[in-house]
Amino acid sequence: MCKKDDNILILIGPEGDFSVKEIEKAKSQNFIPVTLGNTRLRTETAALVACHTVALINE
């Protein structure tokens, strides 16, 4: 869980999703997987939503 003023790096996958190998590599580097379930966002929209969410956390 991220907290206010934490350093945050977000990986946004390509349209075809990350490969299993990419996911495992990210997890081995302590990235925390987050899913929207069956919901899909376009890459451009996902970036905006991610930035907005981080901004809300840091308010």
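What counts, and at which threshold
Residues numbered from 1 in each chain as written. Predicted model: local features only at pLDDT ≥ 70, side-chain atom pairs only at ≥ 80, totals over all residues. Heavy atoms only, no water. Helix = DSSP H or I, 4+ residues; strand = E, 2+ residues; numbered from the N terminus. Buried < 20%, exposed > 50% of the residue type's maximum accessible area, 1.4 Å probe, protein only. Areas by Shrake-Rupley, 256 points an atom, 1.4 Å probe, with all protein chains shown as cover. Polar contact = N/O pair within 3.5 Å; in protein donor to acceptor, adjacent residues only side chain to side chain. Salt bridge = Lys/Arg side-chain N within 4 Å of Asp/Glu carboxyl O. Patch = residues over 30% accessible without salt bridge, like charges linked within 9 Å, V, L, I, M, F, W, Y side chains within 5 Å.

Some details on the overall build of the chain
Point 1. When you go through the chain residue by residue, the secondary structure sums to 2 helices and 0 strands.
Point 2. Principal-axis analysis of the C-alpha atoms places the extent of the chain at approximately 35 × 25 × 15 Å.
Point 3. Expressed as a percentage of its 59 residues, the buried residues of the chain come to 5%.
Point 4. Entry remark: accessible area of the chain is about 5500 Å², with carbon and sulfur atoms responsible for 57%.

Thoughts on the environment of Ser-28
Point 1. The topology assignment puts Ser-28 in helix α1 (residues 20-28).
Point 2. Among the polar contacts made by the side chain of Ser-28, one reaches the main-chain carbonyl oxygen of Lys-25 at a distance of 2.7 Å.

Comments concerning the pattern of salt bridges
Point 1. With the rule as written, the count across this model stands at 1 salt bridge.
Point 2. In this structure, Arg-42 engages Glu-44 in a salt bridge whose closest nitrogen and oxygen atoms are separated by 3.7 Å. Take Arg-42 and Glu-44: they sit in the same class, and that class is exposed.

Observations regarding a nonpolar patch on the surface
Point 1. Where nonpolar side chains cluster on the molecular surface, the patch consists of Ile-8, Ile-10 and Ile-12 and spans about 220 Å² of accessible area.
Point 2. Relative to the helices and strands, Ile-12 resides in the segment before α1.

Let's talk about unusual backbone geometry
Point 1. Despite not being glycine, Asp-17 shows a phi value in the positive range, around 80°.
Point 2. Inspection of the secondary structure puts Asp-17 in the segment before α1.
Point 3. Taking the relative accessible area as the measure of exposure, Asp-17 reaches 47% and is therefore partly exposed.
Point 4. The phi angle at Asn-30 is positive, at roughly 70°, despite the residue not being glycine.
Point 5. Taking relative accessible area as the criterion, Asn-30 reaches 68% and is therefore assigned exposed.

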